[in-house]
Amino acid sequence: MKAAGAFKLNESVLRLGAEEAFVYLARGLELKRKGVDVISFGIGQPDFQPPDFVIEEAYRAMKEGYNGYGPSLGMPELREAIAEFLSSERGVDVKPSEVAITVGAKAAVFMGMLSLLEPGDEVIVPDPGYPLYESVARFVGARPVYLRLHGGNGYKVRYEDVEKLVSERTRMIVLNYPENPVGTTIDRRDVEAIVELACRRGIVVLSDEIYDHFVYEGSHFSTLQVSEWRNCVYYVNGFSKTFGMTGWRLGYVVTNSALLERLSVVANNMYSCPPTFAQIAAARALRHGLGWFKSILEGYRRRRDLMYEKLSGIPGVKVRRPEGAFYMFPDFSEVIREKGLRSERELADRLLHEKGVVVLPGTAFPRDGGVGHLRFSFAVDESSIERGIARILEWLEAA
Ligand SMILES: Cc1ncc(COP(=O)(O)O)c(C=O)c1O
C-alpha cells in the first residue's frame, strides 16, 4: 500500500501514469527561468493563437451572460454546430443528440473507458502511442494489449495486425490517427475493416481523431464514414489542436445517443458541464468554417519538410516523413550505441541540460515501441527548427 504523506492512496490511482510531455515542459521552463535559451520540441501544442474572431466571440458570449452552468452533455448550440460541421465535412449523418461536449478530448477518452470497460477486459492500444490510453485502461483494471508500430509495418495500423491481437476478451480497440507520436494515418480499407470487425465482435472502437485537420498527404477518412459507426464507434475530437485552443478545454464525443445518456451522468458527477462561454464561441467558430486554417496547414507542412531534411542530415538517424499530426519520431538507436549512451532517456536528458533542447524520450509513448527513439514536435517556427537541430548536431560531434 503506498501513501502520500499521511494519506493512504487508492490502488487504481496508483496505476495511472502521467503524460511525460508535461514533466519535460516543466523542466524546460525551469531552465528558462534560470536564463537558459531553451528550444522546445517537447509539448504537443500548436504555436498559433485561436483566430481573433473566436476570442472576440468568447468575450461577446460572456457579455451576453453565458457565464453559468450548462447541460452536462454540452450546450445545444455547440452540439448542433458539430453535428452540422461533421455532416457536411465528412458527408455523414450525425445528429446533435449523438454529440457530447467534454472538458478536452482527454476527458472524453477517460469517461469512455470508465463507462465501457470492466476489470480484465483487453484493450488494444498502439505502441508507440499517446500514453493516456494505456494509463486509463490500467486505471479501470483492463489489460492493454500493444499493437506494435515499427519500421516493418511503416509505423501504420493495419487491419491484419489488429485482427491477430483480437481475443475473446477484447472489449476495445483504440485508434488514433493521424497518430501521436509517429504521425501516420490509417488507410481507408483498414479503417473500414477494423470497424466492421469490431461491430461484428461486439468490440468498441475508440477513435481519437484530434489531428484530423493536420494531414499533409491524401485525406482523412473518419471512422464516422463507416456506415455501422453507431453500433461500435466512440469517436473523439476537440478544439485544442485545430483551433489552437488547448487551454479552453473543449473536446467532444460522437457516439450512439443511448451511450451518451450514461456519459451525461459521469460528466455530471465529475465536472457538471464544460465552460459555457467557450462552447458558444466554439459553435460560432465552427459556423465560420475553416478557411483560415489553410495557411496554417501550409506553414506546418513547410516545418515538417524542414525538420525532415534537418533530421535526415544527422548521421545514423533514421527518420520518416509523417503524413499527419505535427510530430516526428526518429530512431536514434545507432547514435545511442555509438556514443555509449544508456538509452534514449539519457540522450533526451543530456540534450536538455547540455544544449537547452527539449525532446521527449520515445519510451514516454509509453513503453517498448519507443526504445531508441525521440519525439520531436514541429509546432515551432522554422528558425527554432534550424537552431535546435544544429545544436543537436554540435552535441553529437562533441560527444
Ligand atoms: C492523441 C491525443 N489525444 C488527445 C489529446 C488531448 O487533447 P485535449 O487537449 O483536447 O484534452 C492529445 C494532446 O496532446 C493528443 O495528442
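Each chain has its residues counted from 1, following the order in which its sequence is written. Given that this is a predicted model, residues contribute local features only at a pLDDT of at least 70 and side-chain atom pairs are listed and counted only at 80 or more, while totals for whole chains, interfaces and linings are drawn from all residues. Each side-chain value is worked out from all heavy atoms of the structure, with water and hydrogens disregarded.

Okay, the layout of surface pockets next. Cavities and pockets were defined on a 1 Å grid built from protein atoms only: a cavity is a group of points that admits a 1.4 Å probe but offers it no way out, a pocket is an open group of points flanked by protein on both sides within 12 Å along at least five of seven lines, and a lining residue is one with an atom within 4 Å of any such point. Grid points are joined across faces, edges and corners, and a volume is the space filled by probe spheres set on the points. Taken as a whole, the largest pocket spans an internal volume of roughly 920 Å³. Around the largest pocket sit 44 residues that line it, and Leu 25, Ile 43, Gly 44, Gln 45 and Pro 46 are the ones nearest its centre. Breaking the lining of the largest pocket down by element, the ones donating at least two residues are helix 2 (20-33), strand 3 (39-40), helix 5 (104-116), helix 6 (131-139), strand 14 (374-377) and helix 15 (382-398). In DSSP terms, a helix is any run of H or I states spanning at least four residues, a strand is any run of E spanning at least two, and both are numbered starting from the N terminus. Per-element accounting of the lining of the largest pocket gives the leading share, 7 residues, to helix 2. Its residues assigned to classes, the lining of the largest pocket shows 21 nonpolar, 13 polar and 10 charged. Counting contributing residues, the lining of the largest pocket receives three or more from each of domain 1 (3-49 + 293-398) and domain 2 (53-288). In this structure, the second largest pocket encloses a volume near 160 Å³. Along the walls of the second largest pocket sit 13 residues, with Gly 17, Ala 18, Pro 131, Glu 134 and Pro 366 positioned nearest its centre. For the lining of the second largest pocket, the leading source of residues is helix 6, giving 4 residues. For this scheme, ten residues count as nonpolar: Ala, Val, Leu, Ile, Met, Phe, Trp, Tyr, Cys and Pro. Four count as charged, namely Asp, Glu, Lys and Arg, and the remainder, Gly too, count as polar. The residue inventory of the lining of the second largest pocket, partitioned by class, reads 5 nonpolar, 3 polar and 5 charged. Per the annotation, domain bounds derive from an automatic or database assignment of domains. When residues of the lining of the second largest pocket are assigned to domains, at least three map to each of domain 1 (3-49 + 293-398) and domain 2 (53-288).

In this section: the site of the ligand. Throughout, near means a residue has at least one heavy atom within 4 Å of the molecule or strand. Taken together, 13 residues lie near the ligand, and Ala 105, Asp 208, Tyr 211, Ser 240 and Lys 241 sit nearest. Any N or O atom pair separated by 3.5 Å or less is treated as a polar contact, with the protein-specific requirement of one donor-capable and one acceptor-capable atom, and with residues adjacent in sequence counted only for side-chain atom pairs. Lys 241 has a polar side-chain atom sitting 2.7 Å from an oxygen atom of the ligand. Here Arg 249 contributes a side-chain N or O atom positioned 2.8 Å from an oxygen atom of the ligand. Reported accessibility uses the Shrake-Rupley method at a 1.4 Å probe radius. Residues are deemed covered only where the shown protein chains occlude them. When the ligand is considered free in solution it has 400 Å² of accessible area, and contact with the protein chains removes 94% of it. A pocket or cavity is taken to hold a molecule when more than half of that molecule's atoms are within 2 Å of the pocket's grid points. If you map the ligand onto the pockets, it falls in the largest pocket.

The buried count for strand 7 (residues 170-176) comes to 6 of 7 residues, which makes it a mostly enclosed element. Paired strands, in this sense, are two strands between which DSSP finds at least two bridges. Across 3 bridges, the pairing between strand 5 (residues 122-127) and strand 7 is parallel. By the bridge assignment, Glu 122 is partnered in strand 7 with Thr 170. Across 5 bridges, the pairing between strand 7 and strand 8 (residues 204-208) is parallel. By the bridge assignment, Leu 175 is partnered in strand 8 with Ser 207. Regarding topology, helix 8 (residues 188-201) serves as the crossover connection from strand 7 to the parallel strand 8, and that connection is right-handed. Each residue's exposure class comes from its accessible area (1.4 Å probe, protein chains only) as a fraction of the maximum for that residue type: buried when under 20%, exposed when over 50%, partly exposed otherwise. With its strands directed away from the observer, a crossover is right-handed exactly when the path from the first strand over the helix to the second travels clockwise.

With antiparallel pairing, the 3 strands of this open sheet are ordered in space as 11-14-13. The sheet is open, and its two edges are formed by strand 11 (327-328) and strand 13 (360-361), each paired on a single side.

To continue, consider empty space enclosed by the protein. Overall, the coordinates contain 1 cavity of 30 Å³ or more when judged by the stated rule. Quantified by volume, the largest cavity comes out at close to 70 Å³. Around the largest cavity, the lining residues are Phe 85, Asp 212, His 213, Asn 237, Gly 238, Phe 239, Thr 242, Phe 243, Tyr 252, Leu 286 and Leu 290. Among the residues forming the lining of the largest cavity, the class breakdown is 6 nonpolar, 4 polar and 1 charged.

Core analysis: the biggest nonpolar cluster contains 141 residues, and Phe 41, Met 113, Tyr 234, Phe 239 and Phe 376 have the highest contact counts within it. Counting only domains with at least three residues in this core, you end up with domain 1 (3-49 + 293-398) and domain 2 (53-288). Here, nonpolar core means buried Ala, Val, Leu, Ile, Met, Phe, Trp, Tyr and Cys residues that are tied together by side-chain atoms lying within 4.5 Å of each other.

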